[in-house]
Amino acid sequence: QVQLVESGGGLVQAGGSLRLSCAASGRTFSIRATGWFRQAPGKQRELVAAITNGGSTNYADSVKGRFTISRDSAKNTVYLQMNSLKPEDTAVYYCNADADKGWGVISSYWGQGTQVTVSS
């Protein structure tokens, strides 16, 4: 099992910045990739950014150049630095981790989510 706890959400004006944190516990050695997703009211959950154990990153086109995902392996924590925030970035942000349970089985774990609200 892997447990994920997000923090760092809040209310910010357009153009501002926030940094989200996702702290993992449990079988952290089994995590292969960690991602940030977001879900706005009435919309589907979408991938924002992801990072693999090897350090490869992937971003949604809508956040490229504004958001940066990074990780601190010693702290089992993944960060999402969000700059130049826009009202359309308003959503609940969720941390997700894909963990190898062995035998080729991958399990996906989710945090509880943290609200990000960007005012215009």
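Rules of the game
- Residues numbered from 1 in each chain as written.
- Predicted model: local features only at pLDDT ≥ 70, side-chain atom pairs only at ≥ 80, totals over all residues.
- Heavy atoms only, no water.
- Helix = DSSP H or I, 4+ residues; strand = E, 2+ residues; numbered from the N terminus.
- Buried < 20%, exposed > 50% of the residue type's maximum accessible area, 1.4 Å probe, protein only.
- Salt bridge = Lys/Arg side-chain N within 4 Å of Asp/Glu carboxyl O.
- Pairing = 2+ DSSP bridges.

Student: Could you give me a rundown of unusual backbone geometry, with the residues and numbers involved?
Tutor: Unusually for a residue other than glycine, Asn76 sits at a positive phi of about 50°. Note on placement: Asn76 falls in the loop between β7 (67-72) and β8 (77-82). Given the relative accessible area of 33%, Asn76 is considered partly exposed. Positive phi, normally seen in glycine, also occurs at Trp103, with a value near 60°. Mapping Trp103 onto the fold places it in the loop between β9 (91-102) and β10 (105-110).

Student: Quick one: what's the story with the pattern of salt bridges, residue by residue and with numbers?
Tutor: The full count for this structure, using the stated rule, is 5 salt bridges. Where Glu46 meets Arg38, a salt bridge forms, and the shortest distance between an N and an O atom there is 2.7 Å. Given the relative accessible area of 7%, Arg38 is considered buried. Lys64 is paired through a salt bridge with Asp61; the nearest N and O atoms lie 3.1 Å apart. Ionic contacts of the salt-bridge type, sharing partners, join the residues Arg38, Glu46, Arg66 and Asp89 into one network.

Student: Before we move on, can you summarise the pairing of strand β1 (residues 2-7) with the specific residues and values?
Tutor: Across the two faces of β1 the burial differs, with Val2, Leu4 and Glu6 buried and Gln3, Val5 and Ser7 not buried at all. Note that β1 and strand β3 (residues 18-26) share 6 bridges and pair antiparallel. When the sheet's bridge partners are listed, Glu6 is paired in β3 with Cys22.

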